[in-house]
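# Structural characterization, general
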Amino acid sequence: MLKYLITGSITLLLCSNTLLAQDTKIELTLEQSMQLAHTGNKSLKIANKEIEWAKYEHQRINSFWLPTITTTGAYIHMSNNIEVRQPLSDYTNPAKDYIQSIYPGEQLVTSVLDKIGSQNLIVPLAPQNLATIDANLTLPLYTGGKRIYAGNISKQMISAAKVNKEQIDAGVQILLVENYFGLRLGNRIVDVKEKAYESLSMHYQNALKLEENGMINKAERLFVQVNLDEAKRELEAARKDLNMTQKSFKVLIKMETEDNISPVSSLFINDSIPSLSYFKGLIEDNSYASKQMKIQKDIAKNQLKIANAAYIPEIALIGKQTFFAHGIESNLLPRTFIGAGFTWNIFDGLNREKKIKQARVTQQILDIENEKVLDDNELAVDKLYNQIQNALDNIATLNTTIEMSKELLRIRKVAFKEGMATSTEVVDAEVMLSKVEIASLMAYYEYDVALINLLSVCGIPQSFDQYCNNGKTEQYIFNR
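Since the model is a prediction, treat every value here as computed from it, not as a measurement. (Residues numbered from 1 in each chain as written. Predicted model: local features only at pLDDT ≥ 70, side-chain atom pairs only at ≥ 80, totals over all residues. Heavy atoms only, no water.)

So, on to the packing of aromatic side chains. Within this structure, the stated rule accounts for eight aromatic pairs. Seen from their ring centres, phenylalanine 181 and phenylalanine 464 are 6.4 Å apart, and the 55° between their planes marks the pair as tilted. Linking phenylalanine 181 in helix H5 (residues 146–212) with phenylalanine 464 in helix H11 (residues 464–469), this pair joins segments that are 283 residues apart in sequence. Just as phenylalanine 181 is buried, phenylalanine 464 falls in that class too. The ring of tryptophan 65 carries arginine 147 above its face, with NZ or CZ at 4.1 Å from the centroid. Between the NZ or CZ atom of lysine 472 and the centre of the ring of tyrosine 476, over which it lies, the distance is 4.3 Å. (Phe/Tyr/Trp six-rings, centres within 6.5 Å; stacked < 30°, edge-to-face > 60°. Helix = DSSP H or I, 4+ residues; strand = E, 2+ residues; numbered from the N terminus. Buried < 20%, exposed > 50% of the residue type's maximum accessible area, 1.4 Å probe, protein only. Lys NZ or Arg CZ within 6 Å of the ring centre and 35° of its normal.)

To continue, consider empty space enclosed by the protein. A full pass over the atoms with the stated rule returns one cavity of 30 Å³ or more. Approximately 40 Å³ is the volume attributed to the largest cavity. Along its surface, the largest cavity is lined by Val192, Lys195, Ala196, Glu430, Leu433, Ser434 and Glu437. Elements supplying a minimum of two residues to the lining of the largest cavity: H5 and helix H10 (423–457). In terms of residue count, the dominant contributor to the lining of the largest cavity is H10 (four residues). When the residues that make up the lining of the largest cavity are grouped by side-chain class, the tally is three nonpolar, one polar and three charged. (1 Å grid on protein atoms, 1.4 Å probe; cavity = no way out; pocket = protein on both sides within 12 Å on 5 of 7 lines; lining within 4 Å. Points joined across faces, edges and corners; volume = space filled by probe spheres on them. Nonpolar A, V, L, I, M, F, W, Y, C, P; charged D, E, K, R; others polar.)

With 67 residues, H5 should cover 99 Å at 1.5 Å per step; its first-to-last C-alpha distance of 98 Å lies within 8% of that length. Count one or two residues on from H5 and you reach glycine 214, which has phi positive near 80°. (Expected span 1.5 Å × (residues − 1).)

The subject of this paragraph is the pairing of strand S9 (residues 314–326). Regular strands place side chains that alternate from one sheet face to the opposite one. Pairing of strand S6 (residues 129–142) with S9 involves eleven bridges; the strand directions are antiparallel. If you follow proline 140 over to S9, its bridge partner there is alanine 316. For S9 and strand S10 (residues 336–343), the ladder comprises eight bridges, and the chain directions are antiparallel. Each residue of the ladder has a partner; that of isoleucine 318, found in S10, is glycine 339. (Pairing = 2+ DSSP bridges.)

What follows deals with the side chain of threonine 322. Secondary-structure assignment places threonine 322 in strand S9. Here aspartate 134 takes part through its side chain, which lies 2.7 Å from a polar atom of the side chain of threonine 322. Threonine 322 has contacts with Thr132, Ile133, Asp134, Pro334 and Arg335, leaving out every residue within four places of it along the chain. (Polar contact = N/O pair within 3.5 Å; in protein donor to acceptor, adjacent residues only side chain to side chain. Contact = heavy atoms within 4.5 Å.)

A few words on the side chain of glutamate 430. Relative to the assigned elements, glutamate 430 resides in helix H10. Overall, glutamate 430 belongs to the buried group, its relative accessible area being 6%. Each residue touching glutamate 430, except ones within four places of it in the same chain, is listed here: Ala196, Ser199, Leu200, Leu409 and Lys413.

Going through the model one piece at a time under the given rule, you end up with zero disulfides. Unpaired in this structure, cysteine 458 has its nearest cysteine sulfur neighbour in cysteine 468, at a distance of 18 Å. A residue is classified by how much of its surface remains accessible, and cysteine 468, at 17% relative accessible area, is buried. (Disulfide = S-S within 2.5 Å.)

Our focus in this paragraph is the nonpolar core. In this structure, Leu176, Phe181, Phe279, Tyr447 and Phe464 are the most contacted members of the largest nonpolar core, which totals 78 residues. Broken down by element, the residue count for this core peaks at 18 residues, all from H10. When near neighbours in sequence (up to four residues on either side) are disregarded, leucine 176 contacts Leu30, Ser33, Met34, Ala37, Phe181, Phe249, Leu252 and Ile253. One finds Val163, Ala170, Tyr288 and Ile299 within the second-largest nonpolar core, a separate group that totals seven residues. (Core = buried A, V, L, I, M, F, W, Y, C linked by side-chain atoms within 4.5 Å.)

As structure tokens, then:
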């Protein structure tokens, strides 16, 4: 839930002028920001549509197990009638031969048979105009396993689309963590610089009084003034950087508002993280690239099986029902029939052989790519793990430096009031403390960014919340 609160920031100016600036801020946790970043993200919308498309493709492939029923109709006009013409001489000539064998020289019957034999017997079969409406049924009974292998491929396409969405989601998380904690870092840097500026302003006021009393010279007071001006310049630069970060973050979470976003989830570190071997052990089974390669290899395996199935004949059940027929008698063409048939491609110009070889080469390519993906992921894990360790080492070193800087600044402020320390010593201690605190904040930020990238490479970005909840926040820097 978004919370609104009014905060005030007091800025001390050089001539002791005081400005009160009030900003309306919207507080957002990391979890709330993550939800906003996911809502309306176009890449995730596309990924969801790709999953939906893959599911429909799987359903389409499964439709090959069902019969195909089609309706066809036609009207045909032919140039002439369809008929059977049979010469009668085929029948009269044998009769003439028989009569001549009994009554040689007989003329009367023979002449009659000759006249009859000169004619043709015409039997009409169909008129010039024909019309028919039929329903046809085809049900594949056996395809050599092609439907099974195609179904396996379509299932893997759904899995590939889901892994792609997970990878895009991980990319969104990385971008969100970088920007969210970048905004948190910018706020904290402004806080540190404001604190340093206010401290130098108070020190400058003290320097003015000491100069009036003759306890310090003008040069020492001017030195404080120069550093105060420099602190003001750095503070304004930090605020400008923070303003740009605000704008970028609002674009990322699709929030159109003039109010400033206040990230309430703190930067954090963990005292310890699992070993390097633990993260490398996650790569093969959990990384998105490895998952995609396994899916592609499974698809290639089924494509090879489909290519081999082209040598096997296909068997199908066929049927036909004529609903309407004009000009075609049922004794010539039955209105209903059902049967089974097969097709067997004996020779196709070596097309099948080439497809099989291509499928095998594809498998070999995927094996090599899988090895490359594992190598690349291991290198990425090594790099990110080293970045995390470097950040932890820097934080451990800076913790001691912060403690020393705070104590040194306290002692020099007391000594300056007693006239036992110079303005230069106090300013140097103040500047050192602010720089060390900012360096510690930067180390926290580098740790968090490297961690989310490492977890994403290993395919477990969702565990970032667990590290965040169990971590030590940046407030530890300022509470020492």
